Amino acid sequence: MSEESKALSIVVIGASGDLARKKIFPALFALYSQGMLPAHVRIFGFSRSKMTDETFRKCITEHLTCRYVPGESCQEHMDGFLDRCFYMSGQYDSRDAFLDLYQVMQREEGALPANRVFYLAIPPSIFLDVAQALGGAGLVQCGISDPWSRVVIEKPFGRDRSSSDLLVQQMGDVFREAQTFRIDHYLGKEVIQNLMVLRFANLVFEPLWNRKYIKSVQISWKEDLSVEGRGGYFDGYGIIRDVMQNHLLQIMSIVAMEPCTKMDAGHICNEKVKVVRQIPALTLDDLVVGQYTAADWKGTYYNGYLEDEMVPNDSITPTFAAAALTIDNDRWRGVPFLIRAGKGLECRTTEIRIQFRHANKSMYAALGADHSPNELVIRVQPDESIMLTVANKVPGMGMKIERTQLDLRYQEAFEEIIPDAYESLMLDVIRGDKSLFIRKDELGAAWDIFTPVLKQLETEGIAPEPYAFGSHGPKAADALAQKYGVTWA
Ligand code: BG6
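Residues numbered from 1 in each chain as written. Predicted model: local features only at pLDDT ≥ 70, side-chain atom pairs only at ≥ 80, totals over all residues. Heavy atoms only, no water.

**Here we look at the state of the cysteines**
Disulfides are covalent bonds that connect the sulfur atoms of two cysteines. Where we set the bar: Put simply, a disulfide is two cysteine sulfurs that come within 2.5 Å. Exposure is judged per residue with a 1.4 Å probe applied to protein chains only, and the accessible area is read against the type maximum: over 50% gives exposed, under 20% gives buried, and values in between give partly exposed.
Applying the stated criterion across every chain, the model contains 1 disulfide. There is a disulfide in this structure between C66 and C74, and the S-S distance comes to 2.0 Å. Here C66 and C74 share a disulfide; its torsion about the S-S bond, -80°, makes the bridge left-handed. C74 sits in the buried class, given a relative accessible area of 2%. C85 carries a free sulfur, and the closest cysteine sulfur to it, the one in C59, is 11 Å from it. Classification of C85 as buried rests on a relative accessible area of 0%.

Structure (structure tokens):
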């Protein structure tokens, strides 16, 4: 029987939360409106709040958009989608509540064999309770294939290597690794999905992609937002666990990995794990941490991190971190990878900057040419783009050389709509493609890089350097980059 003719039940646990309402349901609607879900798809929301199906449908409609079906047919698509949505409330650790859900699912699935996705859009502290209750209610059925059941979970996966290992092992009692889809939504972003293509499908980059020609790599993640509304969660994790150990390290692993012999999830993950294991553990000497303080910025007053009502007023949780990592292999030995992530900064942007070494310096030196080296800038967001600075003769008499940009902006170059990361990733879960998900050995290797320094920060009570909201971050981050001959862009 084809996948298309089976039922597909998508269960979103934590259905009334922000992640579900703002990302998961809109992504499912985007897939539905493009005809990418099987005909017999049903979506079941589950959370503690009591709601009728009608109220639930109203509540999710708020964030659905007509991007893929503009005009009149949008309403028709929305009605069709909402008719397939159902809601059940219950406690997250209650087997009985999931048994009730099971009955509703069976009623909707009818006699068809049903594939099932369980999306745990809930805090990691209750992953296990939910997994056990689902297992206890018989919903999981350990199906790896025909029909299958899969679980989707979101980081943070643990707080360090050992808590992560424990979570992997305990979740593994209910869902096998093959059924587990660990999301890092940055991997679903269009520009990140293009990174391997850019590197490996273009002859011009790969031969230069090594220590002989590349001087440094910067990966910068900036947000101009505070932790407002998430202070409680954030204070328990901090920016290193929230962004650096996952989003930034994932980007770095794709920038640095070796080509795969085959384009499938197993081969891609193998190469990523290999390179992550070659990154020595970060030390305090190569780390700067900061915390934003109150400031007037662009005419508005912003509270400092410590003023957030969910944050203890003596918290030393970093909202900014900059780190210098290296990779101990023949391709990268000696090339600094400078990565930084910060909230409460001057703008929102995520960028990869590959700085090449200087070209033949002497030949044009007498002409006073601009000798800044070539730079490849890959902007993940906003304004997705790829830019390469190259030396050019300025038009006119004589020989004046300047750096200018070859500029590929997605909005201008492509007519297609750029999908939200969750749309691609949800479709991959349904298709069973794990290329953009985190395997357990990759997760362990990622924690090995950060666990020692996180422990040291916490046991020694190292205070982060304050920086004003809306600024570029702590000064010490500049000094760290300069130590490696780099200036942050
Ligand atoms: C999440 C982090 O993973 O990514 C948040 O927990 C952060 O702190 C968010 O704000 C940023 O995602 P995006 O897609 O808006 O860049």
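Having seen it, we continue.
**A word on the sheet that holds strand 4 (residues 114-120)**
Strand pairing within a sheet occurs via backbone hydrogen bonds; the two strands may be parallel or antiparallel. The condition is simple: Only strands joined by at least two bridges in the DSSP assignment are considered to pair. In this description a helix means any DSSP run of H or I spanning at least four residues, a strand means any run of E spanning at least two, and both kinds are numbered starting from the N terminus. Axis lines are fitted through C-alpha atoms, for helices just across the contact stretch, and the angle between N-to-C directions can take any value from 0 to 180 degrees.
Pairing within the open sheet is parallel, and its 6 strands lie in the order 3-2-1-4-5-6. Taken across any chain shown, the strands that pair with only one partner, and hence form the sheet edges, are strand 3 (85-89) and strand 6 (180-183). In this sheet, adjacent strand axes meet at a mean angle of 20° when their direction is disregarded. As paired strands, strand 1 (residues 7-13) and strand 4 are joined by 7 bridges and run parallel to one another.

**A short note on the site of the ligand**
To keep things clear, this is the line we draw: One heavy atom suffices: a residue is near a molecule or strand as soon as one of its heavy atoms comes within 4 Å of it. Polar contact is the term for a pair of N or O atoms within 3.5 Å; when the atoms are in protein, one must be able to donate a hydrogen and the other to accept it, and sequence-neighboring residues count only if both atoms are side-chain atoms. Using a 1.4 Å probe, accessible areas were evaluated by the Shrake-Rupley method; residue-level cover was limited to the displayed protein chains. Polarity classes work like this: nonpolar for Ala, Val, Leu, Ile, Met, Phe, Trp, Tyr, Cys and Pro, charged for Asp, Glu, Lys and Arg, and polar for all others, with Gly in that last group.
Close to the ligand lie K155, H185, Y186, K189, W221, E223, R230, D242, H247, K343, R348 and Q381. In the environment of the ligand, an oxygen atom lies 2.7 Å from a nitrogen or oxygen atom belonging to the side chain of H247. Notes on the ligand: free accessible area 390 Å², of which the protein chains cover 81%. When grouped by side-chain class, the residues that make up the shell around the ligand number 2 nonpolar, 3 polar and 7 charged.

**Things to note about the pattern of salt bridges**
To keep things clear, this is the line we draw: One side-chain nitrogen of Lys or Arg within 4 Å of one carboxyl oxygen of Asp or Glu is enough to make a salt bridge.
Throughout the structure, instances matching the rule amount to 32 salt bridges. Notably, a salt bridge pairs K262 with D264, separated by 3.9 Å at the nearest N-O pair. Residue class for D264 comes out partly exposed when judged on its relative accessible area of 27%. For R333, the salt bridge goes to D330, with nearest N and O atoms at 2.9 Å. Residue R333 is classed as partly exposed on the basis of its relative accessible area of 36%. For D330, a relative accessible area of 63% translates into the label exposed. Three or more residues joined by partner-sharing salt bridges are found here, namely R199, E206, E258 and R331.

**Structural notes on helix 1 (residues 18-33)**
Quick note on the threshold: Expected span of a helix, by definition, is 1.5 Å for each gap between consecutive residues, and there is one gap fewer than residues. Given a residue, its bend is the angle between the two axes fitted to the seven residues that end at it and to the seven that start from it. Whether two residues touch is decided by their heavy atoms; if any such pair falls within 4.5 Å, the residues are in contact.
For helix 1, built from 16 residues, the straight-helix expectation of 22 Å at 1.5 Å per residue is met to within 8% by its first-to-last C-alpha distance of 22 Å. Remark: the principal bend of helix 1, roughly 30°, maps to I24, with a proline, P26, within the next four residues. Of all 16 residues in helix 1, 12 are buried, a share of seventy percent or more. Buried within helix 1 we find A20, R21, I24, F25, P26, A27, L28, F29, A30, L31, Y32 and S33. Elements in contact with the buried residues of helix 1: strand 1, strand 2 (41-47), helix 2 (53-61), helix 3 (73-83), strand 4 and helix 11 (421-431). Downstream of helix 1 by one or two residues, G35 has phi in the positive range, about 70°.

**Notes on empty space enclosed by the protein**
Heads up, the rule is: Of the grid points, spaced at 1 Å and generated over the protein atoms alone, those admitting a 1.4 Å probe that cannot get out make up cavities, while open sets with protein on both sides within 12 Å along at least five of seven lines make up pockets; any residue with an atom within 4 Å of a point is treated as lining. Grid points are joined across faces, edges and corners, and a volume is the space filled by probe spheres set on the points.
A complete count under the given rule lists 2 cavities of 30 Å³ or more for this structure. As a volume, the largest cavity reaches approximately 70 Å³. Surrounding the largest cavity, K155, F157, I183, D184, Q245, N246, Q250, I438, L443 and A446 form its lining. For the lining of the largest cavity, the secondary structure elements donating two or more residues are helix 8 (231-256) and helix 12 (440-459). The element that contributes the greatest number of residues to the lining of the largest cavity is helix 8, accounting for 3 residues. Counted by class, the lining of the largest cavity contains 5 nonpolar, 3 polar and 2 charged residues. Estimated volume of the second largest cavity: approximately 30 Å³.

**Here's the deal with the packing of helix 8 against helix 12**
Stated formally: In this scheme, a crossing is called left-handed if the near helix is turned counterclockwise away from the far one by less than a right angle; it is called right-handed if the turn is clockwise.
At a closest axis distance of 11 Å, the pairing of helix 8 and helix 12 adopts a crossing angle of 145°. Relative to helix 12, helix 8 is oriented so that their crossing is right-handed. For the pair formed by helix 8 and helix 12, the contact residues are I240, R241, M244, Q245, L249 and Q250 on the first element and E442, L443, A446, W447, I449, F450, L454, L457 and E458 on the second. Along the lines of polarity and charge, the residues of the contact of helix 8 with helix 12 split into 10 nonpolar, 2 polar and 3 charged.

**Structural notes on the sheet that holds strand 13 (residues 349-356)**
An order of 16-15-14-13-7-12-11-8-17 is seen for the 9 strands of this open sheet, with the pairing classed as mixed. Lying at the two open borders of the sheet, with one neighbouring strand each, are strand 16 (401-409) and strand 17 (465-468). Going across the sheet, the axis of each strand differs from the next one's by a mean of 20°, ignoring polarity. As paired strands, strand 13 and strand 14 (residues 375-381) are joined by 6 bridges and run antiparallel to one another.

**Observations concerning the pairing of strand 3**
With 4 of 5 residues buried, strand 3 is to be regarded as a mostly interior element. Here strand 2 pairs with strand 3 via 5 bridges, running parallel. Counted as the bridge partner of I43 is C85 from strand 3.

**With respect to the nonpolar core**
How we decide: Put simply, a nonpolar core is a bunch of buried Ala, Val, Leu, Ile, Met, Phe, Trp, Tyr and Cys residues held in one set by side-chain atoms that sit within 4.5 Å of each other. For the domains described, the bounds stem from an automatic or database domain assignment.
Ranked by internal contacts, the top residues of the largest apolar core, which has 152 residues, are L120 and I352. With 12 residues, the top contributor of residues to this core is helix 8. Two domains share this core, each providing at least three of its residues, namely domain 1 (3-154) and domain 2 (187-483). Other than its neighbours up to four places away in sequence, L120 contacts I13, F127, V130, L134, V151, V152, I153 and M171.

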